[in-house]
Amino acid sequence: MKKNLFPRELEHEAIYILREVAAQFEKPAILFSGGKDSITLVRLAQKAFHPVRIPFPLLHIDTGHNFPETIEFRDWLVKETGAELIVRYVQDTIDQGKVQEETGKYASRNVLQTQTLLDAINELKLDACIGGARRDEEKARAKERVFSIRDAFGQWDSKKQRPELFGMLNGKIAVGENVRVFPISNWTELDVWNYIREEKLDIPSIYFSHEREIIERDGLYWPYSDYLNTSAEEIPFKKKVRFRTVGDMTCTAAVLSEAGMLDQVIDEILSATISERGARIDDKRSEAAMESRKKEGYF
Amino acid sequence: MDILRITTAGSVDDGKSTLIGRLLYDTRSITRDKLEAIEAASKRKGFDFTDLSLLTDGLIAEREQGITIDVAHIYFSTSTRKYIIADSPGHVEYTRNMITGASNASVSLILIDARKGVIEQTKRHFYIASLLRIKHVVVCINKMDLAGFDQKVFENIKRDFEAMVVKVGFEGQEVKFIPLAAREGDNIVFSSVKMPWYKDETLLEFLENISVAADNINAPARFPVQYVVRPHTDEFHDFRGYAGKVESGSFAKGEEVMVLPSLRSSKIKSIHNYTEEKEEVLAKESVVITLDDEADISRGNMLIKCTDGFTQLTGLNATICWMDESPGAEGKIFFLQHGPNRVKAKITTVGGILDIHSLETNTDKKVFQLNDIGDIVLKLAKPVFADLYVSNTANGSFILIDEFNNNTVAVGFVR
Ligand SMILES: Nc1nc2c(ncn2[C@@H]2O[C@H](COP(=O)(O)OP(=O)(O)O)[C@@H](O)[C@H]2O)c(=O)[nH]1
């Protein structure tokens, strides 16, 4: 078994950042998606404040299109850690008429969840939202700060980002502003996996090989579900697959895989030829997709 | 596994993005979909080669202008270590970005176009690396293919640069020179067959062999308290832990410590990393420390070893770099953030501002504009316990925050 592949310095840095959040903000929350990055955040928060329980609630923006395995896992983790869970539903935002359900074959609620998140931030008066985004995920994220300042509309302005020097974090904000915090900014996908292995963290079962109904579209395997708008030609078939990221069932592609154990998953990632975000259908829409969404207040 | 943090500097078109792209490509850090994307983009632009510089191009505005304007972070690893590159733009109007990138780095890569040699910008890049006390500087003399792979060209540039090292560098700094052709990958990961006269390490070999043990580990021990951990549960009823990250030096269980600013002494009862108890903690590690007695300690206080000295500063001299659009001048009041400690501070004197072209200080200039570097005296409303930057970079730096708009307006180095 491979040892010490995870650079511990990254953990020390992330814990430092989480403690700065607890000290500098009144009402922070962890944005919890049920994916491996937010699971990592939960462990880091446990470590940062032990023996005190995680002093922030977990906020889950539920699109209603989740993998059932993710929800099951979320509820288990909340019990296990004693953390507080807050759920807000995209369906409610739709019912309130604030956003409209997308139509067509690429319809997804991925973009809609931004409004639900902004509403939750206002309602709960959150001044800091801790997210699991990493700079290696995507080009526009490569320039993201650890403390990313957002205006009252949740918008990100690349020109207004504060310089971060020597690890010093400036979380002073005006009323109405809030901060997105990214403690694992400097981690890569592989760092996260090695951390999960070395910390023996539990993760949802969809990260491991399992048999699932899928369809093929645009060269990617899409999980078949009631939420996916399919045409008559798109006939579901069964394959052994796993997922590299956990998003909505409408925008997360599966990879064919036999990897049933963590070590096998990591080996597959090491030899993989498609980067993690390549399996996020939402990013394929355009080259500058992520940056445009971020400007509008996306995670 | 350890981490090597690198900052890059070079003028536009010296080949910085290409060099980084090469490092990624030749260490097989590029996934197929990313490679396909830049191959397609290169074709669209009519190139007959794959433009690896496209890998690191970031924001929309930059793609439009075709230049890098912010600090981008790039990651790759080898079986030896993980690398984090802070890729910052080299032009004078981005001095603040360069300083930001350099503040977290232990290696600086300075690019030179072999046809141009040492130019004004090169001097500035080396000045910044030295101001920030970056110990390892790699001078990458690039585009050697356009200089006939000529050893003389390399030696001449090296000699010019060394003359500057004598003036601007500091003792203990290591400056390495490597001739490169980034587009073809010569001497980046693989030795160049075109330059058999260069028998030394390639860029990657050099990076792999740098020792990353924190310089601050031998400095006096400093532990700024970030957060007080008080469980109030039955199980941990009397637990009172001080959470923080050791800035420099080390602490061990049982050691005598002093609390600043109260000057009370105590003893380390235990050191915790989550559920694990530790005997010792080193610089850069985040832990929770408990003491023998119930001292009244809060965020912004600092634990030091009784055997180490310290300085209490109610005023300080510093070199700063101005990072904001609105100017800074004598009489202005800010928040000074030193580690987790924040105090009000007033600029009482501006000693002068560096002429970034001649690298001489102009004592007649008193107002800081964006990107200006200069010397100031600050008066503090409450004391801080900082070290000189040259003796302890972690505890000798601070930022200034605007009272009204909360922006980080400057970074400072205690002198
Ligand atoms: N001939 C030659 N061209 C190079 C070399 N390195 C980079 N270039 C070219 O120089 C131009 C500028 O490179 P780029 O990496 O974008 O420079 P940057 O502005 O410093 O990031 C591009 O057209 C590169 O293809 C080299 O070693 N030899």
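Keep in mind that what you see is a predicted model, and the values were worked out from it rather than measured.

(A) Spatial organisation of the pattern of salt bridges. All names here are of chain B. Scanning all chains against the criterion turns up 36 salt bridges over all chains. Measuring nitrogen to oxygen at the nearest pair gives 2.6 Å for the salt bridge that ties Asp87 to Lys16. In this pair, Asp87 sits in strand β3 (residues 81-87) while Lys16 sits in helix α1 (residues 16-26), placing the two residues 71 residues apart along the sequence. In this structure, Asp87 and Lys16 share a single accessibility class: buried.

(B) The arrangement of the domain arrangement of chain B in detail. Residue and element names in this part refer to chain B. If you check the domain split of chain B, you get domain 1 (3-209), domain 2 (223-305) and domain 3 (313-414). The partner domain 3 presents 8 residues to the 10 residues of domain 2 that form the contact. Taking both partners together, domain 2 and domain 3 bury about 750 Å²; carbon and sulfur atoms supply 64% of that area. When residues of domain 2 are sorted by the area they lose upon contact with domain 3, Glu247, Gly300 and Met302 head the list and together hold 48% of the total. Counting across the domain 2 and domain 3 interface gives 0 salt bridges.

(C) Just the site of the ligand, in detail. All names here are of chain B. Close to the ligand lie 17 residues; Asp13, Lys16, Ser17, Thr18 and Asp145 are nearest. Between the ligand and Asp14, the relevant distance is 3.4 Å, taken from an oxygen atom to a main-chain nitrogen or oxygen of the residue. Protein chains shield 83% of the accessible area of the ligand, which is 580 Å² for the free molecule. Counting residues per element, the shell around the ligand draws most heavily on α1, at 3 residues. Partitioned by chemical class, the residues of the shell around the ligand number 5 nonpolar, 6 polar and 6 charged.

(D) How the structure looks around the environment of B:Leu207. Residue and element names in this part refer to chain B. Mapped onto the elements, Leu207 comes out in helix α7 (residues 203-209). Separated by 27 residues in sequence, Leu207 and Leu180 have C-alpha atoms that sit 15 Å apart. For Leu207, the contacting residues outside a window of four places in its chain are Leu4, Ile6, Arg81, Tyr83 and Val107.

(E) View of the confidence of the model for chain A. Residue and element names in this part refer to chain A. For chain A, the mean per-residue pLDDT works out to 87, and 87% of the residues sit at or above 70. For chain A, the element scoring lowest by mean pLDDT is helix α8 (residues 289-295), at 51; strand β1 (residues 28-31) scores highest, at 98. Low pLDDT (under 50) marks residues 283-288, which in the prediction has 13 contacts with non-local residues, meaning those over four places away or in another chain.

(F) Just the sheet that holds strand β5 (residues 147-150) of chain A, in detail. Residues and elements named next belong to chain A. With mixed pairing, the 6 strands of this open sheet are ordered in space as β3-β2-β1-β4-β6-β5. Where the open sheet ends on each side, the last strands, each with one partner, are β3 (85-89) and β5. The mean angle between the axes of side-by-side strands here comes to 30°, regardless of whether they run parallel or antiparallel. Inspection of the sheet shows strand β2 (residues 58-62) paired to β3 by 5 bridges, in the parallel sense. By the bridge assignment for β3, His60 is matched with Val87. Helix-sheet contacts for helix α1 (residues 8-24) involve β1, β4 (128-130), β5 and β6 (178-181), and the interaxial angle to β5 is about 40°. Together, β1, β2, β3, β4 and β6 form the strand contacts of helix α5 (residues 113-124), whose direction differs from that of β2 by roughly 145°.

(G) Spotlight on the domain arrangement of chain A. All names here are of chain A. Domains assigned within chain A are domain 1 (8-199 + 288-295) and domain 2 (205-283). Distance between the C-alpha centres of domain 1 and domain 2: 23 Å. Listed as interface residues are 30 residues of domain 1 and, on the opposing side, 31 residues of domain 2. Counting the surface lost from both domain 1 and domain 2, the interface buries some 2700 Å², and carbon and sulfur atoms represent 55% of this. Taken as a group, His65, Phe67 and Trp193 account for 27% of the area that domain 1 buries against domain 2, more than any other trio of residues on that side. One can count 3 salt bridges joining domain 1 with domain 2. With its nearest N and O atoms 2.4 Å apart, the salt bridge here joins Arg197 to Asp263. Our enumeration of links across domain 1 and domain 2 arrives at 10 residue pairs in polar contact (both at pLDDT 80 or more). Per element, the largest residue contribution to the side of domain 1 that touches domain 2 is 6 residues, and it comes from helix α6 (residues 189-199). The residue makeup of the side of domain 1 that touches domain 2, split by class, is 9 nonpolar, 10 polar and 11 charged.

(H) Focus on the packing of α1(A) against α6(A). All names here are of chain A. The N-to-C vectors of α1 and α6 enclose an angle of 90°; their axes lie 11 Å apart at closest approach. Here α6 runs roughly perpendicular to α1, going by the angle between their axes. Of the residues in α6, those in contact with Arg8, Leu10 and Glu11 of α1 are Asp191, Tyr195, Glu198 and Glu199.

(I) The arrangement of the sheet that holds strand β1 (residues 2-9) of chain B in detail. Residues and elements named next belong to chain B. Across the sheet, 6 strands lie side by side as β2-β3-β1-β4-β5-β6; this open sheet has mixed pairing. With one partner strand each, in any of the chains shown, β2 (72-77) and β6 (174-179) form the two edges of the open sheet. In this sheet, adjacent strand axes meet at a mean angle of 25° when their direction is disregarded. With 6 bridges connecting them, β2 and β3 associate as antiparallel partners. Bridging across to β3, Ser77 finds its partner in Lys82.

(J) How the structure looks around the interface of chain B and chain A. In this assembly, 65 residues from chain B lie in contact with 58 residues from chain A. Summed over both sides, the interface between chain B and chain A buries roughly 5400 Å², with carbon and sulfur atoms accounting for 56% of that surface. Counting across the chain B and chain A interface gives 5 salt bridges. The dominant element in the side of chain B that touches chain A, judged by the number of residues it contributes, is strand β22 (residues 397-402) of chain B, at 4 residues. Split by residue class, the side of chain B that touches chain A holds 30 nonpolar, 20 polar and 15 charged.

Rules of the game
- Starting from 1, residues in each chain are numbered consecutively following that chain's sequence as written.
- Numbering of ligands from 1 and lettering of chains from A proceed in the order in which they are written.
- Reporting of local features is limited, given that this is a predicted model, to residues whose pLDDT is at least 70; pairs of side-chain atoms are given and counted only at 80 or more, and all residues count toward the totals for whole chains, interfaces and linings.
- The basis for the side-chain values is all heavy atoms of the structure; hydrogens and waters are excluded.
- Basic side-chain nitrogens of Lys or Arg form a salt bridge, by our definition, when they fall within 4 Å of a carboxyl oxygen of Asp or Glu.
- Labels follow the DSSP assignment, with helices taken as runs of H or I lasting at least four residues and strands as runs of E lasting at least two, numbered in each case from the N terminus.
- The buried label applies to any residue whose accessible area, calculated with a 1.4 Å probe on protein chains only, is under 20% of its type's maximum; exposed applies above 50%, and partly exposed to all values in between.
- Each domain's extent was defined by an automatic or database domain assignment.
- Note on definitions: a residue-residue contact is assigned when non-hydrogen atoms from the two residues lie within 4.5 Å.
- Once two parts are put together, the accessible area they lose, assessed with a 1.4 Å probe and summed over both, is termed the buried area.
- We define proximity as follows: a residue is near a molecule or strand when any one of its heavy atoms falls within 4 Å of that partner.
- Distance and chemistry together define a polar contact, namely a pair of N or O atoms within 3.5 Å, with one atom able to donate a hydrogen and the other to accept it when in protein, and with adjacent residues in sequence counting only for side-chain atoms on both sides.
- Using a 1.4 Å probe, accessible areas were evaluated by the Shrake-Rupley method; residue-level cover was limited to the displayed protein chains.
- Residue polarity is assigned by list, with Asp, Glu, Lys and Arg as charged and Ala, Val, Leu, Ile, Met, Phe, Trp, Tyr, Cys and Pro as nonpolar; anything else, Gly included, falls into the polar class.
- Confidence scores here are pLDDT values: one per residue, from the predictor, ranging 0 to 100.
- Paired strands are those between which DSSP finds at least two bridges.
- What counts as an axis is a line fitted to C-alpha atoms, over the stretch in contact for a helix, and the angles between N-to-C directions run from 0 to 180 degrees.
- Should an angle fall under 35 degrees it is called roughly parallel, over 145 degrees roughly antiparallel, and 65 to 115 degrees roughly perpendicular, with every other angle called oblique.

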